[in-house]
Amino acid sequence: MLDVNMRLISMLGLLTGIVIIGLALDYLYIARRPVRWGLYVAIAGILCGVGLTLTAVLPENNIYGRVFCQGDIKNKVVALTFDDGPYPPYTEQILDILKADDVKATFFIVGKNAAQHPDLVRRIFMEGHQIGNHTYHHIDLLKANRQTVIEELERTNDVLLSITGVKPHIVRPPHGFRDPVVLEVMAGLGLKVVEWSVMSRDWTNPGVEKIVNRTLDKITNGSVVLLHDGDGIRSEASRAQTVAAVRLIIEHLKTEGYSFVTVDDILANMKGVSR
Ligand SMILES: [Zn+2]
């Protein structure tokens, strides 16, 4: 685990400087002997930058700190997770499907949307689903300073606590983006970071069939599935395709013998993870 209390953006800035200096030295025929050190340093800097960026955006790595994206593969369970809501009428439609099929899921809620639709948050909570923090304005936390990261998370926790009486203890950073400072702030607020192991890119509205097939193709025991009942804080795009796909995904996985659990249930069955 990389224990560097430094923003990704600062590290990338530093590397960009090293790359420029390396290339300049090579261009000016300096640092070329016995080999082209300037050029090699520049190439190493570029590769390092690509690596650091990928570790910040790919869901399945713990380089910057512990994140959870997959449950124990021994258990035939799946956790459906819905991001960016609440967003009428799609959140209600998804809740209706979950209720009819007796399925429990997890909703990573945007604080601003929660403040606008407290009744929907209450319904999610009352129907036994888990609620997680997804920041207040759905911002890219890699571009925010430490104080903004804290405010985004605390404000969302506060609004969710005021509606449900329970403070969330899980968080999903928007787009899954995180760096050492983001993870440190989340840990300081007692929030476990949850990414995902299956995504269908449903937010691009690629068609119901594609959402269903992309999801089912990747499902294994303990999968955490990323879906969207909302659309950031814009709340403009339709989520009708996701609603239709969820019905089919649940139907298919039930025939295969899968049970549906919340993220807490997935975490509880993982070794070394306390709730
Ligand atoms: Zn999101």
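The structure under discussion appears in the preceding block.
Residues numbered from 1 in each chain as written. Predicted model: local features only at pLDDT ≥ 70, side-chain atom pairs only at ≥ 80, totals over all residues. Heavy atoms only, no water.

**Notes on the coordination of the zinc ion**
1) Next: The coordination sphere of the zinc ion contains the protein donors Asp84 (OD), His134 (NE2) and His138 (NE2), at a distance range of 2.1 Å.
2) Next: As a motif over one chain, the donors of the zinc ion read D-x49-H-x3-H. We note that His134, like His138, is buried. (Donors = N, O, S within 2.8 Å, 3.2 Å for Na, K, Ca; no water. Buried < 20%, exposed > 50% of the residue type's maximum accessible area, 1.4 Å probe, protein only.)

**A short note on the layout of surface pockets**
1) Next: Roughly 380 Å³ of volume is contained in the largest pocket.
2) Next: Around the largest pocket, the lining comprises 21 residues; the ones closest to its centre are Asp84, His138, His175, Trp203 and His228.
3) Next: Here the lining of the largest pocket is built from residues that sort into eight nonpolar, seven polar and six charged. (1 Å grid on protein atoms, 1.4 Å probe; cavity = no way out; pocket = protein on both sides within 12 Å on 5 of 7 lines; lining within 4 Å. Points joined across faces, edges and corners; volume = space filled by probe spheres on them. Nonpolar A, V, L, I, M, F, W, Y, C, P; charged D, E, K, R; others polar.)

**What about a nonpolar patch on the surface?**
1) Next: Where nonpolar side chains cluster on the molecular surface, the patch consists of Val35, Trp37, Tyr40, Ile43 and Leu47 and spans about 500 Å² of accessible area.
2) Next: When you line up the elements, Leu47 lands in helix α2 (residues 37-57). (Patch = residues over 30% accessible without salt bridge, like charges linked within 9 Å, V, L, I, M, F, W, Y side chains within 5 Å. Areas by Shrake-Rupley, 256 points an atom, 1.4 Å probe, with all protein chains shown as cover. Salt bridge = Lys/Arg side-chain N within 4 Å of Asp/Glu carboxyl O. Helix = DSSP H or I, 4+ residues; strand = E, 2+ residues; numbered from the N terminus.)

**Looking at unusual backbone geometry**
1) Next: With omega at 0°, the peptide bond leading from Arg33 into Pro34 counts as cis.
2) Next: Counting through the fold element by element, Pro34 comes out in the loop between α1 (8-27) and α2.
3) Next: Backbone torsion omega between Gly85 and Pro86 reads 0°, so that peptide bond is classified as cis.
4) Next: Tracing the backbone shows Pro86 in the loop between β1 (77-83) and α3 (90-100).
5) Next: Unlike most non-glycine residues, Asn205 shows phi in positive territory, near 50°.
6) Next: As for its placement among the helices and strands, Asn205 is situated in the loop between β6 (198-199) and α8 (208-218).
7) Next: Notably, Ser235 is not glycine yet its phi reads approximately 50°, a positive angle.
8) Next: The residue Ser235 is located in the loop between β7 (223-228) and α9 (240-255) in this model.
9) Next: Accessibility expressed as a relative area gives 26% for Ser235, which makes it partly exposed.

**Let's talk about the packing of aromatic side chains**
Two aromatic rings are characterised by how far apart their centres lie and by the angle between their planes.
1) Next: Following the criterion strictly, the structure yields two aromatic pairs and no others.
2) Next: Geometrically, the ring pair formed by Phe82 and Phe107 is stacked, given 5.2 Å between the ring centres and 25° between the ring planes. Separated by 25 residues along the polypeptide, Phe82 in strand β1 and Phe107 in strand β2 (residues 106-109) bring together distant segments of the chain. Assigned by exposure class, Phe82 and Phe107 land together as buried.
3) Next: Seen from their ring centres, Tyr87 and Tyr90 are 5.2 Å apart, and the 65° between their planes marks the pair as edge-to-face.
4) Next: Residue Tyr87 is classed as buried on the basis of its relative accessible area of 8%. (Phe/Tyr/Trp six-rings, centres within 6.5 Å; stacked < 30°, edge-to-face > 60°.)

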